[in-house]
Amino acid sequence: MYDFTGRTVVVTGGTGVLGQAMVQALVGCGANVAVIARSPAKADAQLSALQGSGRARAVPGDVLNKESLAQAAQAVVQKFGRVDCLLNGAGGNHPSATTKPDLSFFDMPEEALRFVFDLNMLGTILPSQIFGRQMAAQAEGVILNVSSMSALRPLTRVLGYSAAKAGVNSFTQWLAVHLAQEYSPRIRVNAIAPGFFLTEQNRFLLTDQETGALTARGQSIINHTPMGRFGAPDDLLGTMLWLLSPASSFVTGIVVPVDGGFSAFGGV
Ligand SMILES: NC(=O)c1ccc[n+]([C@@H]2O[C@H](COP(=O)([O-])OP(=O)(O)OC[C@H]3O[C@@H](n4cnc5c(N)ncnc54)[C@H](OP(=O)(O)O)[C@@H]3O)[C@@H](O)[C@H]2O)c1
């Protein structure tokens, strides 16, 4: 069930910390992988290091530009014939969409909030429109969105990103029902919600730059994670492969937390 030979997976955010691990796993499972990238040169350099890189291609595209996505879709079909799966991995935060000692909720700039809502919400919806249309035409396909633990339980300070990822969860459920009812019950839509992963973006929020020891926030996260550690990119791969593969053929409209138990823990 996890042999993706002959199947084409389109990935956005494939040059990111988590995205790279996912692309690597998909290539390793035999998939043809098209990485939609704003900088195809960067993506190509990453892909060329992979075993099986002949089946992986960087395709120019911006998840916030529908025209570029339409062109990317044409390029993918030209290269691989069809699209079986879409992995919406592009996403992220903006420093000014998070409250800080010198930035209150009341002063949070509109542009920062728009940036985060656009990237996470529209950046998931627009590729789903473009590649979902192809799935509707072939009456078959799988979309996997990347949400976050902060969608289920909004994180203190992190306003924009928590709200945007909650929107991704809602969209996941909506689109699952819509595509199954209006187009084909063989089109599935799910999401994966990573918990806390130590990445370059948050490393110095969670660990001390000089000593590497946990910061108060980092320690608080570990205290609320029953498994007692941060996630590593490889922790996502089993869930990703399950949701993209026929192993989950009767699963649609769910968001799977991969969070070491964080969302299950009441704190006592
Ligand atoms: N890291 C975590 O701890 C964590 C936890 C929960 C959820 N997540 C979610 O998991 C996903 C991947 O996270 P990550 O840590 O791997 O992120 P990352 O390292 O910051 O990478 C972000 C990716 O999104 C791409 N991207 C950003 N804007 C884009 C645009 N307009 N068009 C096309 N691509 C764009 C980036 O491409 P470029 O190479 O062009 O910049 C990059 O590939 C995101 O949705 C994130 O919100 C992450």
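Residues numbered from 1 in each chain as written. Predicted model: local features only at pLDDT ≥ 70, side-chain atom pairs only at ≥ 80, totals over all residues. Heavy atoms only, no water.

Peer 1: Sorry, what's going on with the environment of F230 here?
Peer 2: When you line up the elements, F230 lands in the loop between helix 8 (216-223) and helix 9 (237-244). Overall, F230 belongs to the buried group, its relative accessible area being 14%. Taking C-alpha positions, F230 is 21 Å from P95, a pair spaced 135 residues apart along the chain. Those residues in contact with F230 that sit more than four places away from it in its chain are F196, L198, L206, L214, G218, I221 and I222. (Helix = DSSP H or I, 4+ residues; strand = E, 2+ residues; numbered from the N terminus. Buried < 20%, exposed > 50% of the residue type's maximum accessible area, 1.4 Å probe, protein only. Contact = heavy atoms within 4.5 Å.)

Peer 1: Is there a simple way to think about the pairing of strand 1 (residues 8-12) in this case?
Peer 2: Side-chain positions along a regular strand alternate between the two faces of the sheet. In terms of burial, strand 1 is a largely internal element, five of the five residues being buried. Where burial is concerned, the two faces of strand 1 agree: the one with T8, V10 and T12 and the one with V9 and V11 are both buried. Sheet topology places strand 1 next to strand 2 (residues 32-37); five bridges connect them, and they run parallel. The partner of V10 across the bridge, within strand 2, is A34. Note on the crossover from strand 1 through helix 1 (residues 17-28) to strand 2: the handedness is right-handed. Relative to strand 4 (residues 85-88), strand 1 runs parallel, the two being bridged by four bridges. When the bridges of strand 4 are listed, V10 appears paired with L86. (Pairing = 2+ DSSP bridges. Right-handed = clockwise from strand over helix to strand, strands pointing away.)

Peer 1: Would you mind showing me how to read the pairing of strand 4 here?
Peer 2: Both faces of strand 4 are covered, namely the face carrying C85 and L87 and the face carrying L86 and N88. Pairing between strand 4 and strand 5 (residues 141-146): four bridges, direction parallel. Bridge pairing in strand 5 places N88 opposite N145. Note on the crossover from strand 4 through helix 4 (residues 110-138) to strand 5: the handedness is right-handed.

Peer 1: I'm lost on the site of the ligand in this one. Help?
Peer 2: Close to the ligand lie 27 residues; T15, L18, K42, Y161 and Q201 are nearest. Taking D62, its side chain carries an N or O atom lying 2.9 Å from a nitrogen atom of the ligand. Measuring from a nitrogen atom of the ligand, one finds a backbone N or O atom of V63 at 3.0 Å. When the free accessible area of the ligand is taken as 890 Å², the share hidden by the protein chains comes to 87%. (Near = heavy atom within 4 Å. Polar contact = N/O pair within 3.5 Å; in protein donor to acceptor, adjacent residues only side chain to side chain. Areas by Shrake-Rupley, 256 points an atom, 1.4 Å probe, with all protein chains shown as cover.)

Peer 1: Honestly, the confidence of the model for the chain in this entry has me stumped. Any pointers?
Peer 2: One rule of thumb: low pLDDT means the predicted coordinates there are not for detailed reading. When the pLDDT values of the chain are averaged, the result is 96; 100% of them are 70 or greater. The spread of mean pLDDT over the elements of the chain runs between helix 7 (residues 203-206), the lowest at 84, and strand 5, the highest at 99. (pLDDT = per-residue confidence, 0-100.)

Peer 1: Quick question: what am I supposed to make of the sheet that holds strand 6 (residues 187-194) here?
Peer 2: Strand pairing in a sheet is mediated by backbone hydrogen bonds. Such pairs are either parallel or antiparallel. The seven strands are arranged 3-2-1-4-5-6-7 in an open sheet whose pairing can be described as parallel. Each having just a single partner strand, strand 3 (56-60) and strand 7 (255-258) make up the two edges of the open sheet. Strand-to-strand, the axes of this sheet are offset by a mean angle of 20 degrees, without reference to chain direction. Packing of helix 1 onto the sheet brings it into contact with strand 1, strand 2, strand 3, strand 4, strand 5 and strand 6, and relative to strand 2 it is tilted by some 160 degrees. Across the sheet, helix 3 (residues 66-80) is in contact with strand 1, strand 2 and strand 3; its angle to strand 3 comes to roughly 150 degrees. (Axes fitted to C-alpha atoms, helices over the stretch in contact; angles between N-to-C directions.)

Peer 1: Explanation requested: the nonpolar core in the structure shown.
Peer 2: Most often, soluble globular proteins keep nonpolar side chains buried together rather than apart. The biggest cluster of nonpolar side chains holds 35 residues, and the ones touching the most others in it are L26, V33, M240 and L244. With six residues, the top contributor of residues to this core is helix 1. Other than its neighbours up to four places away in sequence, L26 contacts F4, V9, V11, A31, V33, L87, M240, L241 and L244. (Core = buried A, V, L, I, M, F, W, Y, C linked by side-chain atoms within 4.5 Å.)

Peer 1: Sorry, what's going on with unusual backbone geometry here?
Peer 2: Residues other than glycine predominantly adopt negative phi, and peptide bonds predominantly adopt the trans conformation. Phi is positive for A139, close to 60 degrees, though the residue is something other than glycine. Structurally, A139 is set in the loop between helix 4 and strand 5. In the Ramachandran plot, R157 falls in the positive-phi region, its phi being about 75 degrees despite a non-glycine side chain. Along the chain, R157 falls in the loop between helix 5 (149-152) and helix 6 (159-182). Residue R157 is classed as partly exposed on the basis of its relative accessible area, which comes to 47%.

Peer 1: Would you take a moment to explain a nonpolar patch on the surface for this structure?
Peer 2: A contiguous nonpolar patch, built from F105, F106 and L159 and spanning about 360 Å² of accessible area, is present on the exposed surface. Along the chain, F105 falls in the loop between strand 4 and helix 4. A relative accessible area of 52% means that F105 is categorised as exposed. (Patch = residues over 30% accessible without salt bridge, like charges linked within 9 Å, V, L, I, M, F, W, Y side chains within 5 Å. Salt bridge = Lys/Arg side-chain N within 4 Å of Asp/Glu carboxyl O.)

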